[in-house]
Number of protein chains: 2
Amino acid sequence: MVKTLIFGHKSPDTDTITAALAASYLKNKLGQDTQAVRLGEVNKETEYALDYFNVEKPELIEHVPAEIENVILVDHNEFQQSVDNIKEVKIVEVIDHHRIANFETKEPLYFRVEPVGCTATILKKMYEENNIEITKNIAGLLVSAIISDSLLLKSPTCTQEDVDAAHELAEIAGVNLDEYGLAMLQAGADLSDKSINDLITMDAKEFEMNGSKVEIAQVNAVDTSKVIDLQSELEQEINATIADKKLDLFLFVVTDILNNDSEVIALGQAKDNVEKAFNVKLENNRALLKGVVSRKKQIVTNLTDTFM
Amino acid sequence: MVKTLIFGHKSPDTDTITAALAASYLKNKLGQDTQAVRLGEVNKETEYALDYFNVEKPELIEHVPAEIENVILVDHNEFQQSVDNIKEVKIVEVIDHHRIANFETKEPLYFRVEPVGCTATILKKMYEENNIEITKNIAGLLVSAIISDSLLLKSPTCTQEDVDAAHELAEIAGVNLDEYGLAMLQAGADLSDKSINDLITMDAKEFEMNGSKVEIAQVNAVDTSKVIDLQSELEQEINATIADKKLDLFLFVVTDILNNDSEVIALGQAKDNVEKAFNVKLENNRALLKGVVSRKKQIVTNLTDTFM
């Protein structure tokens, strides 16, 4: 058994999976004894990237085994998004690009958060700072993460650092950024074999907003109407989740990856907050959020304000 | 008015004051518009360092003025140790070496915490990473901070990185590390003009431990018995503080800078936790903690465990 496990958040996306893999490769090159693991199923977009660059997906864990000494968190820091027994393990490092909340340790640790669009952009710098060569495969994983988190550099979360990193990494990986990127996003937006439950859980994150519990699930789609057609079944499942987790709000976000808008379904006793946050009127629990693609920068920040 | 204020914790110590000054100098060299400020009186040790290297102390603020856009926190991250209106300001960066707790932002930021003995050690790296020259005065401030936080490299919080940084910085500052360090510590341990209230507030920090409120005040002394002789007056003032702030525990720590032990006075309904944490028996509310000098590494961590 290795000494240190490295993992991203639950409902893993491409940044979370590739960051764990790339961080583990880096740490091991630096003489540490680490292994990347994951907290949930790999989605189709991530699978496309892993297959393309011929990298095995990390092992699935349900909880951190007792014999593991340390963990490193990538791409998240909020405990409710992490492994269930997070409070019982020793966190020695965090590498992330999200807001900081619901995180607490007893002892000092390495904690590196930067306001960039993607954990991969920070990891690229860490490779460079430590003079560790970014191989073709690692570059492929990292550029896939940037494409995923930035919707091919179009999200408002995307910084100049992310853009520069993506171009450099695409070059090392030997891919055409736009062609590879669109193919990868489309692979992820293929929802044909998804169950209703898959749709609302495959990229869901829970947030605490001033005492209220809010879950935000997001799916990317090429044709959003195909998802919205399932509204009544989706609502049934979402309402069950709200009751089960005692949520104040569940926001289901269907993002159009070609036009960069999102259609949302809002349920729960705090659903009016969505109207306030985005200055829209919910009709039949639904609204179109023009130009909104980023959960982190456009949805969480605006919604948090309405709970203050 | 500048755009960004930089400050350390309340009851400022040498690391907090010098980190604010050194961080502001660095940021301004990099083209930002920042100013170092402080949240309380400068202690004698810090005054000695500032005088020695001919640097003005930062301006005192009570709260962040409304016209300030951003703040950068150094040497702390827990909100209860920060400026009173911390929740109303935009924190764009944190540079620290403490545990992370009671910190939350709405948006991503730069957050750099490393488990080293002193913020100055991280700042030294940041100067180097950004190719900004460490001047004689800045080196003097930074080495003073390391001496202070590590009790001249003797505290268990002191890492090899701190030791190496201290030697390099002393060289740039043109001082003999041991001679300058002892003189500076002795200047700080001169308690002759301190009131009872000064003693319990000059380096006091409040912690939340699993719902309990704990305040830990620390003074350095060459002759600890001179402080302990004041026990009855100290207890009167400490009990008033406990009532006023609704504390569960107040721990007053008198650290012997020559022998590296601490004598403590514990008051409050949770004072038994001190006995559990250090495996000692309080007699007349007092105990000697052999080899304990570090609030962060030896006191907070052991005490936190007893509140779990």
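Residues numbered from 1 in each chain as written. Chains lettered and ligands numbered in written order. Predicted model: local features only at pLDDT ≥ 70, side-chain atom pairs only at ≥ 80, totals over all residues. Heavy atoms only, no water.

Formally: UniProt positions are given in the numbering used here, feature names are shortened, and annotations may be inferred rather than shown by experiment.
If you look chain A up in an unreviewed UniProt entry, it shows as Probable manganese-dependent inorganic pyrophosphatase from Virgibacillus phasianinus. Comment text from UniProt for chain A, heading Subcellular location (unreviewed entry), reads "Cytoplasm".

1. Some remarks on the packing of helix 3 (residues 119-129) of chain A against helix 5 (residues 160-173) of chain A
Residues and elements named next belong to chain A. Here is the rule we go by: For helices, the axis comes from a line fit to the C-alpha atoms of the stretch in contact; other axes are also lines fit to C-alpha atoms, and the angle between any two N-to-C directions lies between 0 and 180 degrees. The way it works is that DSSP assigns letters per residue, a run of H or I at least four long becomes a helix, a run of E at least two long becomes a strand, and they are numbered from the N terminus. In a left-handed crossing the near helix is turned counterclockwise from the far helix by less than a right angle, and in a right-handed crossing that turn is clockwise. Between two residues, a contact is recorded if the distance between any of their heavy atoms is within 4.5 Å. Three classes are used, and their members are as follows: Ala, Val, Leu, Ile, Met, Phe, Trp, Tyr, Cys and Pro are nonpolar, Asp, Glu, Lys and Arg are charged, and the others, Gly among them, are polar.
Packing of helix 3 against helix 5 leaves a shortest axis separation of 9 Å and a crossing angle of 65°. In this structure, helix 3 meets helix 5 at a crossing whose hand is left-handed. Contacts between helix 3 and helix 5 involve Thr 121, Lys 124, Lys 125 and Glu 128 on the former and, on the latter, Glu 161, Asp 162, Ala 165, Glu 168 and Leu 169. Looking at side-chain class alone, the contact of helix 3 with helix 5 contains two nonpolar, one polar and six charged residues.

2. Examining helix 9 (residues 231-245) of chain B
All names here are of chain B. To keep things clear, this is the line we draw: Multiplying 1.5 Å by the residue count of a helix minus one yields the expected span of that helix. Working definition: with a 1.4 Å probe on protein chains only, accessible area under 20% of the residue-type maximum means buried, over 50% means exposed, and in between means partly exposed. Relevant arc is that of directions from the helix axis to the C-beta atoms, nothing else.
Over its 15 residues, helix 9 extends 20 Å from the first C-alpha to the last, a length consistent with the 21 Å expected when each residue adds 1.5 Å. Within helix 9, burial applies to Gln 231, Leu 234, Glu 235, Ile 238, Thr 241 and Ile 242. Buried residues of helix 9, seen end-on, are gathered within an arc of 125° and therefore sit on one face of the element. In this structure, helix 9 carries Ser 232, Gln 236, Ala 243 and Asp 244 as exposed residues pointing more than 90 degrees from its buried face. At the C-terminal side of helix 9, Lys 246 shows a positive phi close to 55°.

3. So, the packing of helix 1 (residues 14-29) of chain A against helix 2 (residues 44-52) of chain A
Residue and element names in this part refer to chain A. The contact between helix 1 and helix 2 brings their axes to 9 Å, and the two run at 35°. Mapping the contact onto sequence places Thr 14, Ile 17 and Leu 21 in helix 1 and Glu 45, Thr 46 and Leu 50 in helix 2. Looking at the contact of helix 1 with helix 2 residue by residue, the classes come out as three nonpolar, two polar and one charged.

4. A look at the layout of surface pockets
Residues and elements named next belong to chain A. Rules: The rule is simple: put a 1 Å grid over the protein atoms alone, call a set of points where a 1.4 Å probe fits but cannot get out a cavity, call an open set with protein on both sides within 12 Å along at least five of seven lines a pocket, and count a residue as lining if it has an atom within 4 Å of a point. Grid points are joined across faces, edges and corners, and a volume is the space filled by probe spheres set on the points. Note that domain bounds follow an automatic or database assignment of domains.
Estimates place the volume of the second largest pocket at around 560 Å³. Lining the second largest pocket are 24 residues, and of these Lys 10, Ser 11, Thr 201, Met 202 and Ala 204 sit closest to its centre. Within the residue set of the lining of the second largest pocket, elements represented by two or more residues are helix 2, helix 7 (196-201), strand 7 (204-209) and helix 9 (231-245). Among the residues making up the lining of the second largest pocket, the classes are represented as seven nonpolar, seven polar and ten charged. Formed jointly, the lining of the second largest pocket draws a minimum of three residues from each of two domains, domain 1 (4-189) and domain 2 (196-307).

5. Some details on the UniProt feature "binding site: Mn(2+) 1" (unreviewed entry) in chain A
Residues and elements named next belong to chain A. So the rule is basically this: Under this definition, polar contacts are N or O atom pairs within 3.5 Å; protein pairs additionally need one hydrogen-donor-capable and one acceptor-capable atom, and for neighbouring residues in sequence, both atoms have to be side-chain atoms.
Mapped onto the present numbering, the UniProt feature "binding site: Mn(2+) 1" (unreviewed entry) falls on His 9, Asp 13 and Asp 75. Spatially, the listed residues are clustered: although they cover 67 residues, their C-alpha atoms lie within 9.7 Å of one another. Along the chain, His 9 falls in the loop between strand 1 (4-7) and helix 1. A residue is classified by how much of its surface remains accessible, and His 9, at 1% relative accessible area, is buried. The residues touching His 9, leaving out its near neighbours within four places in the chain, are Thr 16, Leu 39, Val 74, Asp 75, His 76, Gln 81 and Lys 205. Separated by 3.0 Å, the side chains of His 9 and Thr 16 make a polar contact. For Asp 13, the contacting residues outside a window of four places in its chain are Asn 43, Thr 46, Asp 75 and Asp 149.

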